[in-house]
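Residue strings, one per chain:
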Amino acid sequence: MIKGQIKKFFSYLASRMFVFFALIALQVWVIVVLLSEVEAYSEWIQLALQIGSIFLVIWIVSKKQNPSYKIAWIILVLALPVFGMTMYFFFSQRKLNPKERRMALGLYEKTHKTLMTDEKTKMTLQSMEPCARGQSNYISKASIYPPYENTSTKYYPMGEDFFEDLLVELKKAEHFIYMEYFIIREGRMWNSILHILEQKAVQGLDVRLMYDDIGCMHTLPAGYKKRMEAKGIKCVVFNPLRPILNSMFNNRDHRKITVIDGCTGFCGGANLSDEYINEKKRFGVWKDASIMLKGEGVWSLLMMFLHLWAFSEREEIDFDSYTPYKQYDRTELSDGLVQPFSDMPLDDICLSEGIIANMISRAQKYLYINTPYLILGNELSMLLENAAMSGVDVRITVPHIPDKKLVFLITKAHYAPLIKAGVKIYEYTPGFIHSKTILCDDTTGMVSTVNLDFRSLYLHFECGVWLHNASCLAHMKQDYLDTVEVSREIGFADTQNVRWYQRFMQAILRIIGPMM
């Protein structure tokens, strides 16, 4: 046993992730040491750095960002000026350079005409209640992705259900298969999918795979991209890690998308790894939610994939060549309003946070939320507390068995004020809940990749599907109620039964949570 642990330890020291972060830490240390030495050498330089830290704080305050996020950085900059300034400039930024921004905007312009709301859907929007219409308009203006009718929906409460239908639909592919995931791990789930992708590539289909480099750093072997290309599968490793200080490595592709022939699409929280289908037990029962779309709404999922593919590869894509795949039978696919959306960390719009804030503030009867992490800023906390105190039945379900213990401590630090205001917090006792869903008043819902934490809301590329009057909302509601039945409600007394040093630690964790 000891030999195994030693072997595992040395294996970790030799891993790509350890080497990468060790080199990054070394660069930060060198910069901080050099600046500290220079600061100690001259009182004038010391004064200049102090003035610089004050100006940086003023600049942070003036930025359009979440106050909790800004406060965390301000404290770090003021407490440790040299270290804080170094960390801020390399780890907090999320801006494209002018050339990259022009390229990104150019990609959107090329597909703008195909992402317009059709006249029939505009009439439907006008007949909807103001709250739902306002939410849809917000998503359209903030993300360019419009609402659709003529789209059927199917909700999956568990990864096993999603996996079963995913295999069925992949086998039906006749033209192309595009897949984009944060984590892919070799095992039963991925190997079954890969077998189909190989077959389809041999048949001449356009098969493409995009995965995040840091998400798959521990799960895929080095050179996996070349392995895929040797099988005839086009492959992109998103934002590949290089051991050089660069703020962009902090922006990860956390999206999960499959598009088949432009008419079938999947989205949700499930990655392609055996724990997501409970083939492998890591943290008890792993519960995750996904959704399948068929019809016009899949067009936006297709454009999301192609936009990021073209941006990552600096590749010219003939978007017009995909137009034939936008034709659907309008008589069979009417299922409420469906609006896929994509959120990216490179603009000034916090789309996911805006959608969630709108859903909370517009809830009248109930609001049911599933999230694996609960690390909230002041705005969302206040909205949840105000909704509960206004009589809305607000419930939030989080894991009982965490995948990250420190993050779970931060999650628990947010319990007390929410529960005191009347929010009901449940821990999913069978294990780990990875679902990212919100359901509101039987009429509105969202299935997404967005966690209720700062990384998802501000730093990652994310996506989801907003739903209004879709038939799958009834399934989502029943699934939530069934989940609550096997969960433990956390009482306010539970949050108070902690020692003084634990309470102090929770206060510290709430401050640094936005930077984690």
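See the structure shown above.
Residues numbered from 1 in each chain as written. Predicted model: local features only at pLDDT ≥ 70, side-chain atom pairs only at ≥ 80, totals over all residues. Heavy atoms only, no water.

Caption draft 1: Looking closely at the overall build of the chain. Within the chain, the secondary structure is distributed over 20 helices and 17 strands. Here the C-alpha radius of gyration of the chain, 23 Å, is about what a compact globule of 516 residues would show, namely 24 Å. Counting only C-alpha atoms and orienting by the principal axes, one finds that the chain spans roughly 75 × 55 × 55 Å. By the burial criterion, 57% of the 516 residues in the chain qualify as buried. Counting only carbon and sulfur atoms, one obtains 60% of the accessible surface of the chain, whose full area is about 22900 Å². (Helix = DSSP H or I, 4+ residues; strand = E, 2+ residues; numbered from the N terminus. Rg over C-alpha atoms; globule rule 2.2 N^0.38 Å. Buried < 20%, exposed > 50% of the residue type's maximum accessible area, 1.4 Å probe, protein only. Areas by Shrake-Rupley, 256 points an atom, 1.4 Å probe, with all protein chains shown as cover.)

Caption draft 2: Here's a closer look at the sheet that holds strand 3 (residues 206–212). Strands sit in the order 1-8-6-5-2-3-4 across an open sheet of seven strands; the sheet is mixed. Of all the strands in the sheet, just strand 1 (151–156) and strand 4 (234–238) have a single pairing partner and so form its edges. Mean inter-strand twist for the sheet, computed between neighbouring axes without regard to direction, equals 10°. (Pairing = 2+ DSSP bridges. Axes fitted to C-alpha atoms, helices over the stretch in contact; angles between N-to-C directions.)

Caption draft 3: Expanded view of the packing of helix 13 (residues 351–362) against helix 14 (residues 378–389). Two numbers describe how helix 13 lies on helix 14: the axes approach to 9 Å, and their chain directions differ by 15°. The orientation of helix 13 with respect to helix 14, classified from their angle, is roughly parallel. Helix 13 and helix 14 meet at a crossing whose hand is left-handed. Of the residues in helix 14, those in contact with Glu353, Ile356, Ala357, Ile360 and Ser361 of helix 13 are Leu380, Leu383, Leu384 and Ala387. Taken together, the residues of the contact of helix 13 with helix 14 break down into seven nonpolar, one polar and one charged. (Parallel < 35°, antiparallel > 145°, perpendicular 65-115°, else oblique. Left-handed = near helix turned anticlockwise from the far one by under 90°. Contact = heavy atoms within 4.5 Å. Nonpolar A, V, L, I, M, F, W, Y, C, P; charged D, E, K, R; others polar.)

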